[in-house]
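Here's the letter readout for the chains.
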Amino acid sequence: SSKNSADYSSPDIPSSPGRDTNGNLASKEVVSETHAMIDEQIMKKRIDEEREKENELLRQEYLREKERQRIKEEILEQQLEADRKAQKEEDETKLHMLHFMEKQRQQEEEDRKQKEILDEEERKKQQMLEEENLRKRKMWEEENLRYFEQRIKEELAEKERREKLLKE
């Protein structure tokens, strides 16, 4: 055949086993070389396919790992957000408690001052009562003293009168 089969196939792989690149019958040596070349190409193709499969598996594993990492980070972020929210609520609760305690302290201070004022007023009233009682008691004692002085004077006058009568 005058037709050149090299135009239709790659130069390292003959168009059909047992023929040269011109389509002529080839020698045994050329045939076995050709078979070896074909086997080598088949092996290379299988190795490439295996590599391709491994690469695809590795790529899928990489993507799964990347997705797992993304999910982990998402969960971590949610956890951090929940922690921040809980901390904020705890801080607000503490703040409310501090305000409440401060108001309570102020109220207790006000109550204490009010009690001091009332106690002072009560003490003054008590002191005034005691002074009034002391004054009344003094008046009563003076009154009693005058009464007894008067009685003694009267008794002395009566005694003197009797003694005058007795002398006469």
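Keep in mind that what you see is a predicted model, and the values were worked out from it rather than measured.

### Side note on the overall build of the chain
- Helices and strands together make up the secondary structure of the chain, namely one helix and zero strands.
- Buried residues in the chain amount to 3% of all 168 residues.
- As displayed, the chain offers around 16,100 Å² of accessible surface, 55% of which is attributable to carbon and sulfur atoms.

### Examining the confidence of the model for the chain
- Averaged over all residues, the pLDDT of the chain is 88; the fraction at 70 or higher stands at 85%.
- Every residue in residues 1-11 scores below 50 in pLDDT, and together they form 13 contacts with partners more than four places removed in sequence or on other chains.

### So, a negative patch on the surface
- A surface patch of negative charge is lined by Glu-49, Glu-50, Glu-52 and Glu-54.
- Here Glu-52 is to be found in helix α1 (residues 28-167).

### As for a nonpolar patch on the surface
- Together, Leu-95, Met-97, Leu-98, Phe-100 and Met-101 make up a nonpolar patch on the protein surface, roughly 540 Å² of accessible area in all.
- Turning to its location among the elements, Met-101 is positioned in helix α1.

### As for the pattern of salt bridges
- Enumeration over the complete set of coordinates arrives at 21 salt bridges.
- A salt bridge links Glu-109 to Arg-112; its shortest N-O distance comes to 2.4 Å. Residue Glu-109 and its partner Arg-112 are both found in helix α1; the two are separated by three residues, about one turn of the helix.
- According to the relative accessible area criterion, Glu-109 is partly exposed, its value standing at 28%.
- Arg-112 gets classed as partly exposed once you look at its relative accessible area, which sits at 38%.
- For Arg-135, the salt bridge is made with Glu-132, and the minimal N-O distance between the two is 2.4 Å.

So, how was this worked out
- Residues numbered from 1 in each chain as written.
- Predicted model: local features only at pLDDT ≥ 70, side-chain atom pairs only at ≥ 80, totals over all residues.
- Heavy atoms only, no water.
- Helix = DSSP H or I, 4+ residues; strand = E, 2+ residues; numbered from the N terminus.
- Buried < 20%, exposed > 50% of the residue type's maximum accessible area, 1.4 Å probe, protein only.
- Areas by Shrake-Rupley, 256 points an atom, 1.4 Å probe, with all protein chains shown as cover.
- pLDDT = per-residue confidence, 0-100.
- Contact = heavy atoms within 4.5 Å.
- Patch = residues over 30% accessible without salt bridge, like charges linked within 9 Å, V, L, I, M, F, W, Y side chains within 5 Å.
- Salt bridge = Lys/Arg side-chain N within 4 Å of Asp/Glu carboxyl O.
- Lys, Arg positive; Asp, Glu negative; His and termini not counted.
- Charge placed at Lys NZ, Arg CZ, Asp CG, Glu CD.

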